[in-house]
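These are the residues of each chain, in order.
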Amino acid sequence: MKITDIEVIILRVPEIGKTCTWGDDAVIVKVHTDCGIVGIGESDSSPLVIKSIIETPNSNLYCYGLKELLIGENPLEIEKLWNKMYWASNYMGRRGAGIHAISAIDIALWDIAGKHYGVPVHTLLGGKYRDEIMAYGTFIPYSDLEKNKEEARRLVDKGFKSLKFGGGVFGEDPDTDYNIVKAVREEIGEEIELQIDLATKWRTSGHAIYMANRLKEFNLNWIEEPILADDSNGYAKFSSCVEAKLAGGEALTTVHEFREFLEKYDADIVQPDITRCGGITEIKKIYDMSQMHGVRLIPHGFSTGILLAASVQFLASREYGTLMEFSESQSPLVTKLVKGAPIFKDGYVNVSNKPGLGIELDEEIIEKYRVKISDLFK
């Protein structure tokens, strides 16, 4: 079997020029083979940047576009191809968007392998530990406190026993932060787990510690990315002063960055995103390393059903893969793009036993929201 093409598709709900929020755009890949098997992957990153990294012609020995590297290769040689992409794109890749692009292709290769052998990805990864995975619901908070109460209540009534919110207005004003957390906690009661995501908006460790202590009365399960992931000293200082668990790592890529995070940041939870960190091939290594450091791995996941399916398959194959994020974005790219996506019910997400990732793309949704490159430069 040989790779014949790598198709990069950009999707976007708002028209070009209007603000795009989390879940409203996506970049997906289809890896085509000469036997008709097509693998599906995704990167939760800047779509046009990912397209460029995959499709650019080579410039020199270390500046190859990923598509050029893979045409004619055997898609079943997954780790070999990962290493080839990493080595031959290291001037423009190695971290950040370069690894985001590799992640999308890597996920698609695992999908191809599962379809080829007629087994789910979790079988290829060593076996399935569980048929369902506990999920926490994630939403972007409003400035209107009543709307936050309504959303939190909706999720609890839906069956979530654990909630997280972040983004939007959260993290920009201390009093607003306090009032939002207070409103949500009062609405859901003490029995529901509650965690918050600052998306680095608290900026400094001093302010982050002040806010964490101010919010202590609300019994937060974890506080996520209070400051930039570049600040290892700030993370360690925060961890030493705050009772709530510290989580982070969604912006990091490869075992190299995660090794530093695990060794220096003193975090309790590491959160690689499978569509950014290096795909399934790399998150396996990150998981093993986190286990060696006594740190729990709970992957980040706030995009389409492709990311969701890949995360489910991976976690099902890990002994301690017992909790995952479940986006409650109402964007059609989150709710409609994928057929056969894992389903949430009574606090848990089901694990598919279908070959590969166990999903199909809805081509009508793709055509409806597909962005032509010419549209981006009008």
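Residues numbered from 1 in each chain as written. Predicted model: local features only at pLDDT ≥ 70, side-chain atom pairs only at ≥ 80, totals over all residues. Heavy atoms only, no water.

Visitor: Is there a simple way to think about the pairing of strand β2 (residues 25-33) in this case?
Guide: Two faces, one strand: in a regular strand the side chains alternate between the faces of the sheet. Of all nine residues making up β2, seven are buried, and the element is well covered by its neighbours. The sheet contact formed by strand β1 (residues 3-12) and β2 spans nine bridges and is antiparallel. Looking at β2, one finds that Asp-5 is bridged to His-32. Across six bridges, the pairing between β2 and strand β3 (residues 38-43) is antiparallel. Across the sheet, the residue bridging to His-32 is Val-38, located in β3. Remark: four residues form the turn of the hairpin made by β2 and β3, two consecutive strands paired antiparallel; Gly-36 in that turn has positive phi of roughly 95°. (Buried < 20%, exposed > 50% of the residue type's maximum accessible area, 1.4 Å probe, protein only. Helix = DSSP H or I, 4+ residues; strand = E, 2+ residues; numbered from the N terminus. Pairing = 2+ DSSP bridges.)

Visitor: Looking at this structure, I do not really get the environment of Gln-271. What am I missing?
Guide: Mapped onto the fold, Gln-271 is located in the loop between β9 (269-270) and α11 (279-292). Taking the relative accessible area as the measure of exposure, Gln-271 reaches 1% and is therefore buried. Sequence separation between Gln-271 and Ala-247 is 24 residues, and the spatial gap between their C-alpha atoms is 7.0 Å. With sequence-adjacent residues up to four places away left out, Gln-271 is seen in contact with Tyr-136, Lys-164, Trp-222, Glu-224, Ala-247, Gly-248, Gly-249, Glu-250, Ile-298, Pro-299 and His-300. (Contact = heavy atoms within 4.5 Å.)

Visitor: In this structure, what is going on with the side chain of Glu-250? I would like to understand it.
Guide: Along the chain, Glu-250 turns up in the loop between β8 (245-248) and α10 (254-264). Since its relative accessible area comes to 10%, Glu-250 is described here as buried. Residues within four places of Glu-250 in sequence aside, it is in contact with Asp-197, Glu-224, Glu-225, Gln-271, Asp-273, Arg-276 and His-300.

Visitor: What is the right way to look at the packing of aromatic side chains in this model?
Guide: A complete count under the given rule lists 15 aromatic pairs for this structure. Judged by centre distance (5.0 Å) and plane angle (75°), the rings of Tyr-62 and Trp-87 are edge-to-face. Linking Tyr-62 in the loop between α1 (47-55) and α2 (66-70) with Trp-87 in helix α3 (residues 78-88), this pair joins segments that are 25 residues apart in sequence. Overall, Trp-87 belongs to the partly exposed group, its relative accessible area being 49%. Measuring from ring centre to ring centre gives 5.1 Å for Phe-165 and Phe-170, while their planes differ by 80°; the resulting arrangement is edge-to-face. This pair shows no difference in class: Phe-165 is buried, exactly as Phe-170 is. Cluster of aromatic residues (ring-pair linked, three or more members): Tyr-62, Trp-87 and Tyr-91. In this arrangement the basic side chain of Arg-318 is found over the ring face of Tyr-287, its NZ or CZ atom lying 5.8 Å from the centre. (Phe/Tyr/Trp six-rings, centres within 6.5 Å; stacked < 30°, edge-to-face > 60°. Lys NZ or Arg CZ within 6 Å of the ring centre and 35° of its normal.)

Visitor: Help me out: how do you make sense of the pairing of strand β4 (residues 132-139) in this one?
Guide: Counting buried residues along β4, six of its eight residues qualify, which places the element largely inside the surrounding structure. Examined bridge by bridge, β4 and strand β14 (residues 348-350) share three bridges and lie antiparallel to one another. Bridge pairing in β14 places Glu-132 opposite Asn-350. Relative to strand β11 (residues 323-327), β4 runs parallel, the two being bridged by five bridges. Counted as the bridge partner of Thr-138 is Ser-327 from β11. Relative to strand β5 (residues 162-166), β4 is paired through three bridges, and the arrangement is parallel. Counterpart to Gly-137 in the pairing with β5 is Leu-163. Of the crossover connections in this fold, the one passing from β4 over helix α6 (residues 145-158) to the parallel β5 is right-handed. (Right-handed = clockwise from strand over helix to strand, strands pointing away.)

Visitor: Please clarify how helix α4 (residues 97-117) should be interpreted in this entry.
Guide: Residue pairs three or four apart in sequence face the same way in an α-helix, which turns once every 3.6 residues. The end-to-end C-alpha separation of α4 is 31 Å, in line with the 30 Å expected for 21 residues at 1.5 Å each. Most of α4 sits inside the fold, with 17 of its 21 residues counted as buried. (Expected span 1.5 Å × (residues − 1).)

Visitor: What should I look at first to understand the pattern of salt bridges in this one?
Guide: Side chains bearing opposite charge may pair, as long as their charged atoms lie close to each other. Under the definition given, this model contains 27 salt bridges. In this structure, Lys-201 engages Glu-172 in a salt bridge whose closest nitrogen and oxygen atoms are separated by 2.9 Å. Residue Lys-201 is located in the loop between β6 (193-197) and α8 (205-214), and its partner Glu-172 is located in the loop between β5 and α7 (174-188); the two are separated by 29 residues in the primary sequence. The exposed category is assigned to Glu-172, whose relative accessible area is 57%. The partner of Arg-276 in a salt bridge is Asp-273, with the nearest N and O atoms 4.0 Å apart. Both residues of the pair, Arg-276 and Asp-273, count as buried. Overlapping salt bridges bring together Asp-44, Glu-250, Asp-273 and Arg-276 as one network. (Salt bridge = Lys/Arg side-chain N within 4 Å of Asp/Glu carboxyl O.)

Visitor: What am I meant to see in the side chain of Ser-205 here?
Guide: Within the secondary structure, Ser-205 sits in helix α8. Residue contacts for Ser-205: discarding those within four places in its chain leaves Ile-227, Gly-234 and Lys-237.

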